[in-house]
Each structure stands twice: as C-alpha cells, then as structure tokens.
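Here are the chains, one letter per residue:
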Amino acid sequence: MGASGKTGSKEPGLRYPANGKTIFHRPLNRSKTSELSQASFAYLFSEMVSYAQKRVTGIQDLEKRLNLQGHPIGLKLLDLLLIREPVRSQARPLNIIALLHFIKGNLWTHLFGRQADRLEKSSNPETPDEYMIIDNEPLVNAYVSVPKEMSQLNCAAFVAGIVEGVCDGAAFPARVTAHTVGGKEEGEMWPGKTVFLVKFQPEVLEREALIGDRKS
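An unreviewed UniProt entry lists the protein under the name Trafficking protein particle complex subunit, with Cercophora newfieldiana given as the organism. The UniProt entry for the protein carries this comment under Function (unreviewed entry): "Plays a key role in the late stages of endoplasmic reticulum to Golgi traffic." The UniProt entry for the protein carries the following comment under Subunit (unreviewed entry): "Part of the multisubunit TRAPP (transport protein particle) complex."

This is the structure we're talking about:
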C-alpha cells in the first residue's frame, strides 16, 4: 500500500488534555479530602526534628538544620504551584510584593489550608530590605513540646527554609528566619505567634530600584 501523502494535523511537542489538567495537578494523597492527617504530620515532623537534633551545638544550629531541611522543598514547590495556576497567571513573580503575596496566599494555602495572617514591611528606614510574614498559630509548632532550657527554639525554622527556597527559586535571594513573638502570659490569645523575617539580598533591592526607574 502506498502512503497517502497526507500529514497529521497534530503539532509536535507536549500534548495537554482538553481540561488543561496534567499529572502535576493530581494530589499525591488519593483520599477524598486530599489532606494529610494532623496526627501523621505531627509524627513525621517530630521525627524530622529528632533527626536534626542529633549532634547539634545549640539552638541556632538546630534551627539552621531545620531551615536546610525545608529549603529544597521550597525550590520544588515554587515550580509545582506555578504549573497548577491557570495558564494566564503562570508567570513567575517579577517583584518583591508579588512574590510575598504569592507566598502568603498560594504557598501557605497549599501547605496549611489557609493564608498567612499578615504581611508587613519593616518600618525602620535602616532596614528597607526586611519584610515580615506573620502566622498567629503555626501548624508545625502545634505538637512540639519545647523544654524550658530551649525556650528560644522555634521549629517553624523548617517553614522559614521552605519560604527561603521559594525566594531563591524565584531569583529573589533572601535569608528567612522564624521568631516567636507571642507572649507566654495566661490569657494570651496567640502564644505561639511567629514572625517569618524575610531579609532580601542587596542585589534584589537594586533590581527593584532599576525597574522602578524604568517605569517612571
């Protein structure tokens, strides 16, 4: 049989389903709610903290290890969350404010089922590179019992590492640390309130200034 000489109309490259959903849109959890139980999360996270606690020299060293555990997760989540966005809004954040709103909304909702409570910029004129993401009740600290001698420990350093990974992956290099600001007094509404301090590198601010000058 001779060839008909007609070529197919399909264009080369990746093919997407008619509904626009790909394998990246499928949750890893096959349950109806597609959520991990808090008991399972608490067990896994406690094991991560125990692993990080081995051979540490102090609280800062432990928080650094938790940060390093979260960083590669943030790098991967950035791409995953952008792919899951509608095609028209898949562009990466192009400025600091857009990136921080992406973290406060998209990232927090993906991880914890809700947005972070507040986003603030440092009011100190000497630190224009500092921004704060505030979570009144971090889930990672809900089941962590910290001994008195380690009262300054905040295991949300793991989440700070995830945020730092997202910033680095988006080409906004930053140092992110977690700080407990809630009081321990009786009747305190948010005793575990945590501030994630995002301190961007100087080159990020320089780029922001150049972009602002071009727009003006």
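From this point, the discussion proceeds with the structure in view.
A.B. asks: Could you give an account of the environment of Ile97, with specific residues and numbers?
C.D. replies: Residue position: Ile97 is located in helix H3 (residues 96-112). In the structure, Ile97 is positioned 22 residues away from Leu119 in sequence and 9.7 Å away in space, judged by C-alpha atoms.

A.B. asks: Explain the pattern of salt bridges residue by residue, including any values.
C.D. replies: Evaluated as defined, the whole model comprises 7 salt bridges. The shortest N-O distance in the salt bridge between Arg118 and Glu120 comes to 2.9 Å. The class of Arg118 is partly exposed, set by a relative accessible area of 35%. Given a relative accessible area of 30%, Glu120 falls into the partly exposed group.

A.B. asks: Describe the packing of aromatic side chains, listing the residues and the values that go with them.
C.D. replies: Applying the stated criterion across every chain yields a total of 5 aromatic pairs. The interplanar angle of 75° and the centroid separation of 5.4 Å between the aromatic rings of Trp108 and Phe196 together place this pair among those described as edge-to-face. A residue pair is termed long-range when its members are at least 10 positions apart, and Trp108 in helix H3 and Phe196 in strand E4 (residues 194-200) qualify at 88 residues. Note on accessibility: Trp108 and Phe196 belong to one class, buried. Aromatic ring contacts, followed pair by pair, group Phe41, Phe45 and Phe158 into a single cluster. Above the face of the Phe172 ring, Arg207 is positioned so that its terminal group lies 4.5 Å from the ring centre.

Procedures and definitions
Residues numbered from 1 in each chain as written. Predicted model: local features only at pLDDT ≥ 70, side-chain atom pairs only at ≥ 80, totals over all residues. Heavy atoms only, no water. UniProt positions renumbered as here; feature names shortened; annotations may be inferred. Helix = DSSP H or I, 4+ residues; strand = E, 2+ residues; numbered from the N terminus. Salt bridge = Lys/Arg side-chain N within 4 Å of Asp/Glu carboxyl O. Buried < 20%, exposed > 50% of the residue type's maximum accessible area, 1.4 Å probe, protein only. Phe/Tyr/Trp six-rings, centres within 6.5 Å; stacked < 30°, edge-to-face > 60°. Lys NZ or Arg CZ within 6 Å of the ring centre and 35° of its normal.

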